[in-house]
Amino acid sequence: MAVFEANIKSSLHLRSNSLPSTPHPLVSQFEDNLHRLKSVESTSTVSSSSICNKLNGTQDMQDCIDKLLQLHFEKLALAQECNENCVDDLLEGSLRILDICSIAKDCLLLSKENIHELQSVIRRRGNDTRFKVEGEKYMALRKNIKKQIRKALLNLKAMKHELMASSSNNKNHNSSTMFGILKEAELVTLCSLEHLLLFISDPKGCTKYRRWSTISKLMHSKRAVCDSLESEPNEFKKVESYLQSLIIYESSSTETFQSHMEDLEICIQDLEIGVEQISRKLIRNRVSLLNIFNH
């Protein structure tokens, strides 16, 4: 792969100018996908279902990009409008998003594995000390996950600022161009992953969740507005809160806690599927870009 990418710069050259004068219907489909994602962003609730809807919408958007990248004229247009810096920008952007996906997947996997440990202890209940040990182990894991996510969110925020600064200085960021479409998709994908990370971490340890109320067009002075939203505790927070109570008060009743753990396990499975699908589609589209720029 490294050798393949290294050949890109040397193979860039001017392509045919005989491109279609009107946008392809897939461009309209891409814009529809963006509109649906914005509708999800503007919902008044922050729940696992809204996060899954956002991830599904991001998958649809990446599928649309895949179709656009298979079109002959769009390939020509992208190759013609991209200089070496633009190529590096696109490829580096896709790698950084894949890194964010990897962090999210790792956090979800660790959470699921520790939930299974707690469930196993409860099924063999009779040793309260063991339950307390596993419970404290889970709480320590949550603390570590939140630390990792805080770091990832800082990097993600820097990526978004860089995207917006680049969009105001680069004429190729026009949303009517293939390059502009790809960069706008990059921003929207980052916002979806940010919302996911916030959902997993609950960084402030309360029932306030930040959400992106608007995702503007990449080339039209867009500004993602972040605000706070009062919400019911999500599946992660419910398990954490009930577990703390069980450890402190040493209650023998775990029925409600088991129910919350089952809900969290289902939630994690849904989120894992969503992030994994996005990762696969990002990799597929990255390969398409490499093929375009290498020919």
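The structure displayed is predicted, hence computed values, not measured ones.

So, how was this worked out
- Residues numbered from 1 in each chain as written.
- Predicted model: local features only at pLDDT ≥ 70, side-chain atom pairs only at ≥ 80, totals over all residues.
- Heavy atoms only, no water.
- Axes fitted to C-alpha atoms, helices over the stretch in contact; angles between N-to-C directions.
- Helix = DSSP H or I, 4+ residues; strand = E, 2+ residues; numbered from the N terminus.
- Parallel < 35°, antiparallel > 145°, perpendicular 65-115°, else oblique.
- Left-handed = near helix turned anticlockwise from the far one by under 90°.
- Nonpolar A, V, L, I, M, F, W, Y, C, P; charged D, E, K, R; others polar.
- Buried < 20%, exposed > 50% of the residue type's maximum accessible area, 1.4 Å probe, protein only.
- Phe/Tyr/Trp six-rings, centres within 6.5 Å; stacked < 30°, edge-to-face > 60°.
- Expected span 1.5 Å × (residues − 1).
- Core = buried A, V, L, I, M, F, W, Y, C linked by side-chain atoms within 4.5 Å.
- Contact = heavy atoms within 4.5 Å.
- Salt bridge = Lys/Arg side-chain N within 4 Å of Asp/Glu carboxyl O.
- Disulfide = S-S within 2.5 Å.
- 1 Å grid on protein atoms, 1.4 Å probe; cavity = no way out; pocket = protein on both sides within 12 Å on 5 of 7 lines; lining within 4 Å.
- Points joined across faces, edges and corners; volume = space filled by probe spheres on them.
- pLDDT = per-residue confidence, 0-100.

K.L.:
Would you take a moment to explain the packing of helix α4 (residues 48-69) against helix α10 (residues 255-293) for this structure?
P.N.:
Working note: a packed helix pair is described by the angle between its axes plus the distance between those axes. Relative orientation of the contacting elements α4 and α10 amounts to 15 degrees, with a least axis distance of 9 Å. Judged by the angle between their axes, α4 and α10 are roughly parallel. α4 and α10 meet at a crossing whose hand is left-handed. Each residue belonging to the contact of α4 with α10 can be placed in one class, and the counts come to 12 nonpolar, eight polar and five charged.

K.L.:
Explain the environment of S94 here, please?
P.N.:
Residue placement: S94 occurs in helix α6 (residues 84-123). In this structure S94 comes out as buried when scored by relative accessible area, which is 10%. When the C-alpha positions of S94 and R286 are compared, they lie 6.8 Å apart, and in sequence the two are 192 residues distant.

K.L.:
What am I meant to see in the packing of aromatic side chains here?
P.N.:
Two aromatic rings, taken as a pair, are described by how far apart their centres are and by the angle between their planes. As enumerated under the stated definition, the model contains two aromatic pairs in all. Geometrically, the ring pair formed by F199 and F236 is edge-to-face, given 6.1 Å between the ring centres and 85 degrees between the ring planes. Pair noted here: F199 is in helix α8 (residues 178-201) and F236 is in helix α9 (residues 235-249), with a separation of 37 residues, a long-range link. Each member of the pair F199 and F236 is classed as buried.

K.L.:
What is the right way to look at α4 in this model?
P.N.:
In an α-helix there are 3.6 residues to a turn, and that puts residues three or four apart on one side. Along its 22 residues, α4 runs 32 Å from first to last C-alpha, staying within 8% of the 32 Å computed at 1.5 Å per residue. Taken across its 22 residues, α4 has 16 buried, putting it largely inside the fold.

K.L.:
When you look at the nonpolar core in this model, what are you seeing that I'm missing?
P.N.:
As a rule of thumb, soluble globular proteins bury nonpolar side chains together. Judged by nonpolar contacts, the single largest core of 49 residues is most densely connected at L196, F257 and L271. Excluding residues that lie within four positions of it along the chain, L271 makes contacts with I51, C52, L55, L108, L196, F199 and F236. The next biggest cluster of nonpolar side chains, apart from the first, holds 27 residues, and it includes L37, L182, A185 and I292.

K.L.:
Just checking my understanding: could you explain α8 for this structure?
P.N.:
The end-to-end C-alpha separation of α8 is 35 Å, in line with the 34 Å expected for 24 residues at 1.5 Å each. A large share of α8 lies buried, amounting to 24 of its 24 residues. Just past α8, the residue D202 takes up positive phi, approximately 45 degrees.

K.L.:
Which parts of the structure should I look at to understand the environment of F199?
P.N.:
The exposure class assigned to F199 is buried, which follows from its relative accessible area of 1%. Each C-alpha atom, one on F199 and one on K237, is 9.4 Å from the other, the two residues being 38 residues apart in sequence. Ignoring any residue separated from it by four or fewer positions in sequence, one finds F199 in contact with V46, S47, S48, I51, N234, E235, F236, C267 and L271.

K.L.:
In this structure, what is going on with the pattern of salt bridges? I would like to understand it.
P.N.:
Side chains bearing opposite charge may pair, as long as their charged atoms lie close to each other. For the structure shown, the criterion picks out 13 salt bridges. Note that E240 is salt-bridged to R142, the shortest N-O span being 3.2 Å. Here E240 is found in helix α9, whereas its partner R142 is found in helix α7 (residues 128-169), with 98 residues between them in sequence. The exposure class of E240 is buried, given its relative accessible area of 7%. A residue is classified by how much of its surface remains accessible, and R142, at 1% relative accessible area, is buried.

K.L.:
Can you help me understand the state of the cysteines in this one?
P.N.:
Disulfide: a covalent bond connecting the sulfur atoms of a pair of cysteines. Taken as a whole and judged by the stated rule, the model has zero disulfides. C267 takes part in no disulfide bond, and the closest cysteine sulfur, belonging to C52, lies 6.5 Å away.

K.L.:
Help me understand empty space enclosed by the protein in this model?
P.N.:
Unfilled space is identified by rolling a water-sized probe across the atoms. One pass over the structure, following the stated rule, counts four cavities of 30 Å³ or more. Size it by volume and the largest cavity reaches roughly 170 Å³. Looking at the largest cavity, it is lined by 14 residues, and the ones nearest its centre are Q62, S94, L182, L282 and L289. Counting only elements with at least two residues in the lining of the largest cavity, the list comes to α4, α6, α8 and α10. Tallied by class, the residues present in the lining of the largest cavity amount to seven nonpolar, five polar and two charged.

K.L.:
Looking at this structure, I do not really get the confidence of the model for the protein chain. What am I missing?
P.N.:
One rule of thumb: low pLDDT means the predicted coordinates there are not for detailed reading. Mean pLDDT over the protein chain works out to 79, with 75% of the residues at or above the 70 mark. Across the protein chain, the element-wise mean pLDDT spans from 39 in strand β2 (residues 226-230) up to 94 in α10. pLDDT under 50 marks residues 205-230. Its contacts with residues more than four places away, or in other chains, come to 76 contacts.

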